[in-house]
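So you can see what is in the structure, the chains are spelled out below.
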Amino acid sequence: MSVDSAVEEARFDLVCALRWAARYALHEGVCNHFSVAVPGYDDRFLINPQGLHWLEVMPDDVVTVDVDGHVIEGRHRVEPTAFYIHSRIHRARPSARCVLHTHMPYATTLTGIVPGRLEWVSQQSTKFHGRVAYEDAYNGLATEVAEGDRMAAAFQEADILFLANHGVIVCGESVATAFDDLYYLERACMLQVLGRGTGQMPRTIPREIVELTAAQMRQDSSQALLHFASLRRLLDRDEPGWRSTGNARPR
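Note that the structure is predicted; figures quoted are calculated from it, not measured. (Residues numbered from 1 in each chain as written. Predicted model: local features only at pLDDT ≥ 70, side-chain atom pairs only at ≥ 80, totals over all residues. Heavy atoms only, no water.)

S.K.: Got a sec to walk through the pairing of strand S3 (residues 63-66)? Specific residues and values, please.
M.R.: Along S3, one buried face is formed by Val63 and Val65 and the opposite face, lined by Thr64 and Asp66, is buried too. Bridge analysis of strand S2 (residues 44-47) against S3 gives 4 bridges, and the strand direction is antiparallel. Paired with Ile47 across the strands is Val63, a residue of S3. Here S3 pairs with strand S4 (residues 71-73) via 2 bridges, running antiparallel. The residue bridging Thr64 from the neighbouring strand is Glu73, located in S4. Once S3 ends, the chain turns through 4 residues before running back antiparallel as S4, passing Gly69 with a positive phi of about 95°. (Buried < 20%, exposed > 50% of the residue type's maximum accessible area, 1.4 Å probe, protein only. Helix = DSSP H or I, 4+ residues; strand = E, 2+ residues; numbered from the N terminus. Pairing = 2+ DSSP bridges.)

Structure representation (structure tokens):
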């Protein structure tokens, strides 16, 4: 695949992830942001623009930004907190090719309670064993480099970061794997919140079974790729034209 084709595919993947995040109700208004490193580069990334609903974003709307905040390509602005969060994480973690930040409801619910930890009470939760970090201080909007750096440092070796009173950030080696994690993270949090809401004691999975199941899931990453490929096919079926370029975003 040529570099140009790879960049085009990255744009398609990002738009697919945005549209399906909205379909799954993982979005919040025109806030939150997804980014993916530009194929062939470690110092620039693609990100959704400020002010567009995720269901209307087209490939041509995606903005290319470098890690210093300069717009390299695109006709839209980038929301300031989006830049400070994503640029600092991409800079600090080159292996994090995709960075997804949302205020999705069930995961964000956990960030607003004490202790606010993901519990091993569902098969879905075991997917994240050993991969989660927590930032327990809320400092307001991320409108400066220091706040972005604080978030990046909080990851340590994890892929998922819970931000106190705020939301979550998921990092992955591709849009497909990161989106799969985002989807199942919200499902795990939903089951935990709903279970706690019954007032009954949770049935915690024994640690050795959690570790076993997590290892079993890591053995085969194809499920995430199959999941995302199916989402692209469904968009082709339900929203023909979603891949359109040339200022073709419908009004």
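S.K.: Please provide a residue-by-residue account of helix H7 (residues 207-218), values included.
M.R.: Taking 1.5 Å of rise per residue, 12 residues should cover 16 Å, and H7 covers 17 Å from first to last C-alpha, within 8% of that figure. Within the sequence span of H7, burial applies to Val210, Thr213 and Ala214. For H7, the angular spread of the buried residues around the axis is 100°, confining them to a single face. Where H7 is buried, its residues touch helix H4 (123-126). (Expected span 1.5 Å × (residues − 1). Arc of directions from axis to C-beta. Contact = heavy atoms within 4.5 Å.)

S.K.: Tell me about the environment of Tyr183, and name the residues and values.
M.R.: Within the element layout of this structure, Tyr183 appears in helix H6 (residues 175-197). Each C-alpha atom, one on Tyr183 and one on Leu161, is 14 Å from the other, the two residues being 22 residues apart in sequence. In contact with Tyr183, not counting residues within four places along its chain, are Tyr24 and His227.

S.K.: Summarise the sheet that holds strand S6 (residues 132-135); cite the residues concerned and give the values.
M.R.: One open sheet accounts for 8 strands, arranged S4-S3-S2-S1-S5-S8-S7-S6; its pairing is mixed. Of all the strands in the sheet, just S4 and S6 have a single pairing partner and so form its edges. Across the sheet, the mean angle from the axis of one strand to that of its neighbour is 25°, orientation sign disregarded. Looking at chain direction, S6 and strand S7 (residues 160-163) are connected through 4 bridges and run parallel. Its bridge partner lying in S7, Glu135 is registered against Leu163. (Axes fitted to C-alpha atoms, helices over the stretch in contact; angles between N-to-C directions.)

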